[in-house]
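# Chain and residue survey
Chain by chain, the residues:
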Amino acid sequence: ALRLIRESVHRHPPNLEMLQAGGGYRILGVLLRQRHIMDASVLDQCFAFAVHGFVPGSTEEELPSFGVGIAVQSNWKMSEKWVFADLDAMKYLLLNHQVWDLRGSGPELPLRLLSFLNGLVSAHSAHAAFNSRRLHLLGIVRWTLHLMLEAAELYTGG
């Protein structure tokens, strides 16, 4: 369903405007939180809402596994073309860590998202300066620190 919504707003400004103005991303965030359906594929679809050039599923072959089911990659081959395009999608779907329930998902989803964000600002990205300015607007440093503190409390305390 997320892919269908994403395809309906991709390169169709009137649909995208309605999604943004009508609180569509907030509603999607609430639905994802209530249904507890956030996993790696849903996270990829949400990231594709916010980042032009990101193709969900294209990164699976690049994910080395570290530990028990944790896959992290910080140097995405395709990330040099990623452009952070939609602040609302990032804010309501990805940077709202309540949407992806840290208790249920474990560290895999936050690590995956942080590696995607790293791809946006990596040295080989053609749009790194633009992407970093946009992420700064959202308070990404504060958000990352908050996420790390919450994860540390959750996973070290048992």
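The structure displayed is predicted, hence computed values, not measured ones. (Residues numbered from 1 in each chain as written. Predicted model: local features only at pLDDT ≥ 70, side-chain atom pairs only at ≥ 80, totals over all residues. Heavy atoms only, no water.)

### Topic: the overall build of the chain
A tally of helices and strands in the chain yields nine helices and four strands. From first element to last, N terminus to C terminus, the chain shows the α and β order α-α-α-α-β-β-β-β-α-α-α-α-α. Across the chain, every contact between residues at least 6 apart in sequence was considered, and the portion connecting residues at least 24 apart equals 73%. Entry remark: accessible area of the chain is about 8,900 Å², with carbon and sulfur atoms responsible for 59%. (Helix = DSSP H or I, 4+ residues; strand = E, 2+ residues; numbered from the N terminus. Contact = heavy atoms within 4.5 Å. Areas by Shrake-Rupley, 256 points an atom, 1.4 Å probe, with all protein chains shown as cover.)

### Structural notes on the packing of helix α4 (residues 40–50) against helix α7 (residues 108–121)
Orientation of α4 relative to α7, taken along the N-to-C sense of each, is 30°, at an axis distance of 10 Å. Taken together, the axes of α4 and α7 are roughly parallel relative to one another. Viewed along their axes, α4 and α7 form a crossing whose handedness is right-handed. Facing α4, whose interface residues are A40, L43, D44 and F47, α7 presents E108, L109, R112, L113, F116, L117 and L120. A class-by-class count of the residues in the contact of α4 with α7 yields eight nonpolar, no polar and three charged. (Axes fitted to C-alpha atoms, helices over the stretch in contact; angles between N-to-C directions. Parallel < 35°, antiparallel > 145°, perpendicular 65-115°, else oblique. Left-handed = near helix turned anticlockwise from the far one by under 90°. Nonpolar A, V, L, I, M, F, W, Y, C, P; charged D, E, K, R; others polar.)

### A few points about a nonpolar patch on the surface
Taken together, V141, L145 and M148 make up a surface patch of nonpolar side chains, about 310 Å² in accessible area. If you trace the backbone, M148 turns up in helix α9 (residues 140–156). Judged by its relative accessible area of 48%, M148 falls in the partly exposed class. (Patch = residues over 30% accessible without salt bridge, like charges linked within 9 Å, V, L, I, M, F, W, Y side chains within 5 Å. Salt bridge = Lys/Arg side-chain N within 4 Å of Asp/Glu carboxyl O. Buried < 20%, exposed > 50% of the residue type's maximum accessible area, 1.4 Å probe, protein only.)

### So, the pattern of salt bridges
Across all of its chains, the model carries one salt bridge by this definition. D44 is paired through a salt bridge with R112; the nearest N and O atoms lie 2.8 Å apart. Of this pair, D44 sits in helix α4 while R112 sits in helix α7; the two residues are 68 residues apart in sequence, bridging distant segments of the chain. Grouping residues by exposure puts D44 and R112 together as buried.

### Digging into the packing of α7 against helix α8 (residues 128–137)
Relative orientation of the contacting elements α7 and α8 amounts to 130°, with a least axis distance of 7 Å. When the axes of α7 and α8 are compared, the pair comes out oblique. Counted together, L117, L120 and V121 of α7 and A128, N131, S132 and L135 of α8 form the full contact between these two elements. Taken together, the residues of the contact of α7 with α8 sort by class into five nonpolar, two polar and no charged.

### Considering α9
Helix length check: α9 (17 residues) gives 24 Å between terminal C-alpha atoms against 24 Å at 1.5 Å per residue, within 8%. Looking at the buried residues of α9, the elements they touch are α5 (87–94), α6 (102–105), α7 and α8. (Expected span 1.5 Å × (residues − 1).)

### Details of the confidence of the model for the chain
The predicted coordinates should not be examined in detail at positions where pLDDT is low. With 86% of its residues at a pLDDT of 70 or more, the chain has an overall mean of 82. Here residues 63–74 is a poorly scored stretch, pLDDT under 50, and it has 20 contacts once near neighbours within four places are set aside; other chains count. (pLDDT = per-residue confidence, 0-100.)

### Overview of the nonpolar core
Core analysis: the biggest nonpolar cluster contains 38 residues, and F47 and M90 have the highest contact counts within it. At eight residues, α4 tops the list of elements feeding residues into this core. Discounting residues that sit within four places of it in the chain, F47 has contacts with F54, W82, M90, L94, L113, F116, L117 and L120. (Core = buried A, V, L, I, M, F, W, Y, C linked by side-chain atoms within 4.5 Å.)

### Considerations on α8
Within α8, the full set of buried residues consists of A128, N131, R134 and L135. What you see down the axis of α8 is that its buried residues fit within an arc of 130°, all on one side. Turned more than 90 degrees away from the buried face of α8 sit R133, H136 and L137, all of them exposed. Buried residues belonging to α8 abut β4 (83–84), α5, α7 and α9. Backbone geometry just after α8 places G139 at a positive phi near 70°. (Arc of directions from axis to C-beta.)

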